[in-house]
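Survey of secondary and tertiary structure
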Amino acid sequence: MYFETVKAALDACLPGICRHYGIGQQDALAYVREHLRTMSNAWFSGEQPNIVYSDPLCRFAYLFCHVAVNANLCEYAIRCSRDLAEFIAAKMRDTQELLVCAFGGGPGTELLALCKHLQKTRPNGPLARLSFSLLDRVPEWSESWNALEAEINGTLRAAGIPVAQWPFSISKTFVPFDMTQVGNFANMPHLFQQDLYVMNYVLSEILGDHAGFQQVITTAVRSSPSGSKFLIIDRDQDSVRDDAVHLLRAAGLNVSDVYQTSRNMDGDEQSSVLEAYSRQIQRQPRVQWGSDGRRGAFWIVGTKP
């Protein structure tokens, strides 16, 4: 599902990007290759990454290379966290709705992860609502969210399943939100009345203002209902892991163990779906977290008492 959905989103985005820049597909994908090289260097520089997600070709590069594997990692964390998986199932069963806040929601990783998880765990419905509040400093990511959402809905329709038996419907609100400039938001508590909060590769990109981000999370905890869950997923670095534990504990949450993982994507996901793009970009999309001697990923769950 992940690579097929990503391919459909890429196919939908590329013609418009080429028109925007007045270039052909071959030139556009050459720029994508350069963006991927720049991203990799920035992430492992030891300094705060400065990645131009406002550039549609940069967003295209991220969507091509990283979204499928990060979505699979997010889904893996959910299904391996028994308490979290049971919490999601109970919400969809009892209230027919799951309210999700995606910090740094970016290209739609959490959307893909939760959609596949729900398709696996409740394939015959009944219909429930998956409601996202997306907080990200790059509002242009809404383009990829719209493309991914359209493909997910199209796949459900193509399966011939009556709408009443769909596992979920999707609603979303995109809020431009710089998590290092919290003073710009006077009504943060209104944003934070959700069931599940997901921070997927957010901490490792916020190196300069942990105090500000702590304020955001503490506000979210105060505003959220008892039992709400906070899921952090990130690269398995000592400093990032320690920051995650401190962040959740300082906000007053009950914190789970830290779970570390290094593995390939699930066997039902085949990156060959993107082969036409891979040949032109001269790079394969990522299919594992933790490779080439690098450490993998971790996740941790905080629960509001």
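Values in this document were obtained by computation on a predicted structure and should not be read as measured data. (Residues numbered from 1 in each chain as written. Predicted model: local features only at pLDDT ≥ 70, side-chain atom pairs only at ≥ 80, totals over all residues. Heavy atoms only, no water.)

**Overview of the overall build of the chain**
Helix and strand counts for the chain come out as 11 helices and 10 strands. What you see for the chain is a C-alpha radius of gyration of 19 Å, in line with the 19 Å of a compact globule of 305 residues. If one aligns the C-alpha atoms of the chain with their principal axes, the spans along those axes are about 55 × 50 × 40 Å. Relative to its 305 residues, the chain shows a buried fraction of 53%. (Helix = DSSP H or I, 4+ residues; strand = E, 2+ residues; numbered from the N terminus. Rg over C-alpha atoms; globule rule 2.2 N^0.38 Å. Buried < 20%, exposed > 50% of the residue type's maximum accessible area, 1.4 Å probe, protein only.)

**Some remarks on helix 6 (residues 109–121)**
Taking 1.5 Å per residue as the helical rise, helix 6 with its 13 residues ought to reach 18 Å, and the 19 Å between its terminal C-alpha atoms agrees with that figure. Of all 13 residues in helix 6, 10 are buried, a share of seventy percent or more. Buried within helix 6 are the following residues: Thr 109, Glu 110, Leu 111, Leu 112, Ala 113, Leu 114, Cys 115, Lys 116, His 117 and Leu 118. (Expected span 1.5 Å × (residues − 1).)

**Here's the deal with the pattern of salt bridges**
Close approach of charged atoms lets side chains of opposite charge pair. In this structure the tally under the stated criterion is 18 salt bridges. Glu 86 is the partner of Arg 82 in a salt bridge, and the nearest nitrogen-oxygen pair spans 3.0 Å. Note that Arg 82 and Glu 86 are positioned in helix 5 (residues 82–94) at a spacing of four residues, about one turn of the helix. Looking at Arg 82, the relative accessible area reads 66%, which means it is exposed. Asp 236 is paired through a salt bridge with Arg 241; the nearest N and O atoms lie 2.5 Å apart. The same class applies to Asp 236 as to Arg 241, namely buried. Overlapping salt bridges, with partners in common, bring together Glu 75, Arg 79, Lys 120, Arg 263 and Asp 266 in one network. (Salt bridge = Lys/Arg side-chain N within 4 Å of Asp/Glu carboxyl O.)

**What about the environment of Val 52?**
Looking at where Val 52 falls in the secondary structure, it is placed in the loop between helix 2 (25–43) and helix 3 (56–65). Owing to a relative accessible area of 44%, Val 52 belongs among the partly exposed residues under this scheme. Through-space distance from the C-alpha of Val 52 to that of Val 175 is 19 Å; in sequence the pair is 123 residues apart. The residues contacting Val 52, other than those within four sequence positions of it, are His 35 and Cys 58. (Contact = heavy atoms within 4.5 Å.)

**Some words on the environment of Lys 7**
Along the chain, the position of Lys 7 falls in helix 1 (residues 2–21). A relative accessible area of 27% places Lys 7 in the partly exposed class. For the pair Lys 7 and Ala 276, spaced 269 residues apart in sequence, the C-alpha separation works out to 9.9 Å. Residues in contact with Lys 7, not counting those within four places in the same chain, are Val 273, Leu 274 and Tyr 277.

**What to know about the pairing of strand 2 (residues 129–136)**
Where burial is concerned, most of strand 2 is hidden: seven out of the eight residues are buried. Bridge count between strand 1 (residues 97–103) and strand 2: seven bridges; the pairing is parallel. From the neighbouring strand, Leu 99 faces strand 2, where its bridge partner is Ser 131. The sheet contact formed by strand 2 and strand 3 (residues 169–176) spans eight bridges and is parallel. Each residue of the ladder has a partner; that of Asp 136, found in strand 3, is Pro 176. (Pairing = 2+ DSSP bridges.)

**Observations regarding the packing of helix 5 against helix 6**
Contact geometry of helix 5 with helix 6 gives a least axis separation of 12 Å together with a crossing angle of 75°. Here helix 5 is positioned roughly perpendicular relative to helix 6, judged by the angle of their axes. Seen from helix 5, the contacting residues are Ala 85, Ile 88 and Met 92; seen from helix 6, they are Leu 114, His 117 and Leu 118. The residue makeup of the contact of helix 5 with helix 6, split by class, is five nonpolar, one polar and no charged. (Axes fitted to C-alpha atoms, helices over the stretch in contact; angles between N-to-C directions. Parallel < 35°, antiparallel > 145°, perpendicular 65-115°, else oblique. Nonpolar A, V, L, I, M, F, W, Y, C, P; charged D, E, K, R; others polar.)

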